[in-house]
Amino acid sequence: MANLTINGKVFNLDVEPDTPLLWAIRENAGLTGTKYGCGIAQCGACTVHLDGAAVRSCGVTVSEAQGKQITTIEGLASDNGLHKVQQAWLENDVPQCGYCQSGMIMAVAALLKDNPKPSDQDINDAITNICRCGTFAQVREAIHIAANA
Amino acid sequence: MNQHVTPRLNRRSFVIGTAALGGGLAVGLDIPFGGPQVVRAADGSPEVNAWVVIRPDDTVVIRIARSEMGQGSLTGLAQLVAEELACDWSKVTTEYPTPGQNVARKRVWGDFSTGGSRGIRSSQDYVRKGGAAARMMLIQAAADEWKVPAAECTAANSVITHKASGKTTTYGKVAEAAAKLSPPADVKLKDPKDWTLIGKGVKRLDTADKVTGAMVYGADIKLPNMLNAAIKDCPVTGGKLKSFDEAKIAGMKGVKKVVTVDGTAVAVVADTWWHAKTALDALPIVWDEGPNAKVSSESIGKWLAEGLESGPAFVGNENGDAKAALAGAVKKVEAVYNYPYQNHATMEPMNATALYTADRCEVWCGTQNGEAAFAAVLEASGLPADKCEVHKLILGGGFGRRGQTDYVRQAVKIAKEMPGTPIKLLWSREEDMTHGRYHPITQCKLTGGFDADNNLTALHMRISGQSILFSLRPDALVNGKDPATFQGLAPSGEATIGYSVPNLLIEHAMRNPHINPGFWRGVNVNQNAIYLECFMDELANAIGQDPLEFRRKLMSKNPKHLAVLNAVAEKIGWGTPAPEGVYRGLAQLHGYGSYVAGAAEISVIDGTKIKVHRIVASTDPGYVVNPAQVERQIAGSFVYGLSALFYGGCTVKDGRIEQTNFDSYNSMRIAEMPKVESIMIPSGGFWGGVGEPTIGVAAPAVLNAFFAATGKRIRSVPLRDQNITFA
């Protein structure tokens, strides 16, 4: 059993401590917006925030995440509406298949928290998620839109 | 915000799915309703026809038969229907009819297959007619009510107006009556010059759920009492399962059952997928690797190389006498190129969820071919069509991979072992990487000959290697030969060669290694464009001519090919000085009915690091339905094409694919993404595809620029294997 705080809510989950956080989120907490892409922290589709920092949840265990604030794509919006990154994604019509975009958006949201006006080089350094559809041009534009929102 | 409603419908239908006959739609039962028969959607709203349902609140539900995998054709197809329907675009939503319903209704929605960049071009005529017929019926219904001639009524923005009387009504108010009318016999489509919605870069209809995590992909399905399965198939194609030691995983948490599939694979079923995967990894498995266990990239390469020199070959394009002309040539140029196996690597690994009972089998999955998936369910379940159904979901990438149904079949076979329990089969990335349907492997020997005046008098291309059709569509072979291998090189059709050479011979020596080939975004255009377009540069260089001028001279009989090439040359500034240290390359091709060209600007650091600064890509697809989406397809095609050029190689050792994940099979990141400038020059009169053709020019444009920068000609993909990477 493990207590995980996901999107401000405490989940008491029947899950082993060495289970990757990704699978606890998807299968035990039932939040499927966080995606499985590779399982080895290469692709970033499973990116969530752990105490506000972007992490690849397939590479973090449940025990490592206990006691921390976990935010998933489902928890990014607030009562005031969508997060500005989500808004920018809508405005710029970013997703193609969309499967990588939860992770992409979470990575970008964390970047903008630390670096509200990232340069293109900052974006290149921080955003390393794989998108096979090739939305990178729209992603970059949308990051700047969100940064200026 | 309009939303694609399919996931919601499906989520709802999970609950009723086992008891009811289908998902969200009517299933072809014509329900008597006080007179003529009206077919109803699940919520009771009337179908005006198979493509259009209109709800009382004026919501327009447009049925989309093709699959959405990111390419945007769900939105484009809706635009085509809505253009003729003259409805309010802000009230449009979409849904998928199911393959089972299509069968039950005598294929009223036509072909579901979504590949070959055909989504729009192969259905544009009948879906526009569907929209137009619905509009005519809605107008007729209003006219009948008003007792005026329909010809005096007009429709726009979902409002019908009778000008003389000043009467107006909305589609939602007359849909019920319209649904009872007979469809018009004669449906006239708008002249393209009158289009107002087609050609407009409206936003996609399926975005909202993709930014909140709410979109349900196949991997996200939840059904009551569902269990999860992880699978390992024999790593060597042609091998089989010998034994496994189930006792070793007995008692592991969550494990419910271990099942074999078709004698080649073993799957663990557990409460969660993580438990299933963990147990499967702990399960000792012994494979009988079969006759292919010693095959390697080296042995395949050697076999293909033999095909370049000897043995029978299938002629795909021939004029004059190339061999004689080459024998008499004053100058000859010869080169050998090769192209590797590549995995599609969709971001969402293969998966399908199946629920089997003694008299029914339902599957939920992402598929590029709903009808093929349906056929796979029938075959694997042993049940007839009226007892099977496939619920299509939005795909987490397709690129050709999800046109195959191997994962659907496996899910049904596993579910059959546990009747009444829904089973979600999800492949690990490792399973996905090692059991792909790979871009086929080929080599090509090219020989060109010049006369004393530096005229290209002969060109001989001999391709040796794998046929996709041999493996996947043997019915499409011609006397055992594969005409599709000449994609982009053909004398006629939708993928023709753009050059006129007086003596031309293009032939294919088929060599089919055991690795399963598949249709991979761009398909045979990818290697053929590298072979031909890089070699055209080699030929130009051999006689000291500019690559653009050299091509132009050979393209006078192919003005559409030439137009797109000229467009990129002009925009990239060909013939004018490039920025310091920047070099340019060109390529063009005709594929999927569209004419495309690409120009690249790159710089090379230390001979091994390439910075792609800028790509200019032009396309003439005849018509552009949604320029915003076409632009994204073009930019995305360069991500796919350049990922393939730099990183995309699957090698074979001991009969199996060596690459297992993104650490050994990399893909481009945002830092490596060049600026892509697209030029759309739709010339009208034909319908070409846009998802694939521009992929083919990505690699040769960059390779030609690399030669311009370094004087070194690269004839082998991927660059990874030559220690060349992105700067």
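These figures come from a predicted structure and were not determined experimentally.

Points about the overall build of chain B
Step number 1: When helices and strands are tallied, chain B shows 17 helices and 28 strands.
Step number 2: Relative to a compact globule of 727 residues, whose C-alpha radius of gyration would be 27 Å, chain B shows 27 Å and is just as compact.
Step number 3: Reported as C-alpha extents along the three principal axes, the dimensions of chain B are approximately 85 × 80 × 50 Å.
Step number 4: For chain B, the proportion of its 727 residues judged to be buried stands at 64%.
Step number 5: Within chain B, counting contacts between residues at least 6 apart in sequence, those at least 24 apart form 77% of the total.
Step number 6: About 25,000 Å² of surface is accessible on chain B, with carbon and sulfur atoms providing 52% of the total.
Step number 7: On chain B, the mean spot of the 78 positive side-chain charges and the mean spot of the 72 negative ones are 2 Å from each other.

Focus on the side chain of Arg437 of chain B
Residue and element names in this part refer to chain B.
Step number 1: Structurally, the position occupied by Arg437 is in the loop between helix H11 (429–434) and strand E19 (442–450).
Step number 2: With a relative accessible area of 16%, Arg437 lands in the buried category.
Step number 3: Looking at Arg437, its side chain comes within polar contact range of the side chain of Asp406, at 3.2 Å.
Step number 4: Beyond its immediate sequence surroundings of up to four residues, Arg437 is in contact with His344, Arg401, Gln404, Asp406, Asn516, Pro517 and Gly518.

Structural notes on the domain arrangement of chain B
Residues and elements named next belong to chain B.
Step number 1: Domains assigned within chain B are domain 1 (6–210), domain 2 (218–290 + 350–426) and domain 3 (297–342 + 438–726).
Step number 2: Placing the centre of domain 1 and that of domain 3 at their C-alpha centroids yields a distance of 40 Å.
Step number 3: Taken together, the contact pairs 23 residues of domain 1 with 18 residues of domain 3.
Step number 4: Taking both sides of the interface into account, the surface hidden between domain 1 and domain 3 amounts to around 1,400 Å²; carbon and sulfur atoms contribute 55%.
Step number 5: Applying the counting rule to domain 1 against domain 3 returns one salt bridge.
Step number 6: In this structure, the salt-bridge partner of Arg121 is Glu494, at a minimum N-O distance of 2.9 Å.
Step number 7: Across the domain 1-domain 3 interface, the total number found is nine residue pairs in polar contact (both at pLDDT 80 or more).

Thoughts on the interface of chain B and chain A
Step number 1: Each partner contributes residues to the interface: chain B has 58 residues there, and chain A has 52 residues.
Step number 2: Note on chain B versus chain A: buried area summed over both sides is about 4,500 Å², and carbon and sulfur give 57% of it.
Step number 3: Of all residues in chain B, Met347, Arg632 and Ile670 of chain B give up the largest surface area on contact with chain A, accounting jointly for 19% of the area buried on that side.
Step number 4: At the surface where chain B touches chain A, the tally comes to four salt bridges.
Step number 5: Run the count over chain B and chain A and you get 33 residue pairs in polar contact (both at pLDDT 80 or more).

Re the domain arrangement of chain A
All names here are of chain A.
Step number 1: The assigned domain composition of chain A is domain 1 (2–74) and domain 2 (84–147).
Step number 2: The C-alpha centroid of domain 2 is placed 20 Å from the C-alpha centroid of domain 1.
Step number 3: Facing 16 residues of domain 1, the contacting portion of domain 2 comprises 13 residues.
Step number 4: Taking both sides of the interface into account, the surface hidden between domain 1 and domain 2 amounts to around 1,200 Å²; carbon and sulfur atoms contribute 59%.
Step number 5: At the junction of domain 1 with domain 2, the criterion picks out zero salt bridges.

Describing the packing of helix H3 (residues 84–91) of chain A against helix H6 (residues 136–147) of chain A
Residues and elements named next belong to chain A.
Step number 1: Between H3 and H6, whose axes approach to 8 Å, the crossing angle comes to 130 degrees. By the angle between their axes, H3 is oblique relative to H6. In the crossing of H3 with H6, the sense of the turn from one axis to the other is right-handed. Packed against H3, whose contacting residues are Lys84, Val85, Ala88, Trp89 and Glu91, the element H6 presents Val139, Ala142, Ile143, Ile145 and Ala146 at the interface.
Step number 2: For the contact of H3 with H6, the class distribution of residues is eight nonpolar, no polar and two charged.

A word on the pattern of salt bridges
Step number 1: For the structure shown, the criterion picks out 49 salt bridges over all chains.
Step number 2: Measuring nitrogen to oxygen at the nearest pair gives 2.9 Å for the salt bridge that ties Lys253 of chain B to Asp14 of chain A. Taken together, the positions of Lys253 of chain B in the loop between strand E9 (240–244) and strand E10 (255–261) and Asp14 of chain A in the loop between strand E2 (9–13) and helix H1 (21–28) put the pair across two chains.
Step number 3: According to the relative accessible area criterion, Lys253 of chain B is partly exposed, its value standing at 38%.
Step number 4: Across the pair Glu677 of chain B and Arg614 of chain B runs a salt bridge, and its minimum N-O distance is 2.6 Å. Of the two residues, Glu677 of chain B is situated in strand E27 (residues 675–680) and Arg614 of chain B in strand E24 (residues 609–620); the sequence distance between them amounts to 63 residues.

What counts and what doesn't
Residues numbered from 1 in each chain as written. Chains lettered and ligands numbered in written order. Predicted model: local features only at pLDDT ≥ 70, side-chain atom pairs only at ≥ 80, totals over all residues. Heavy atoms only, no water. Helix = DSSP H or I, 4+ residues; strand = E, 2+ residues; numbered from the N terminus. Rg over C-alpha atoms; globule rule 2.2 N^0.38 Å. Buried < 20%, exposed > 50% of the residue type's maximum accessible area, 1.4 Å probe, protein only. Contact = heavy atoms within 4.5 Å. Areas by Shrake-Rupley, 256 points an atom, 1.4 Å probe, with all protein chains shown as cover. Lys, Arg positive; Asp, Glu negative; His and termini not counted. Charge placed at Lys NZ, Arg CZ, Asp CG, Glu CD. Polar contact = N/O pair within 3.5 Å; in protein donor to acceptor, adjacent residues only side chain to side chain. Domains from an automatic or database assignment. Buried area = accessible area lost by both parts, 1.4 Å probe. Salt bridge = Lys/Arg side-chain N within 4 Å of Asp/Glu carboxyl O. Axes fitted to C-alpha atoms, helices over the stretch in contact; angles between N-to-C directions. Parallel < 35°, antiparallel > 145°, perpendicular 65-115°, else oblique. Left-handed = near helix turned anticlockwise from the far one by under 90°. Nonpolar A, V, L, I, M, F, W, Y, C, P; charged D, E, K, R; others polar.

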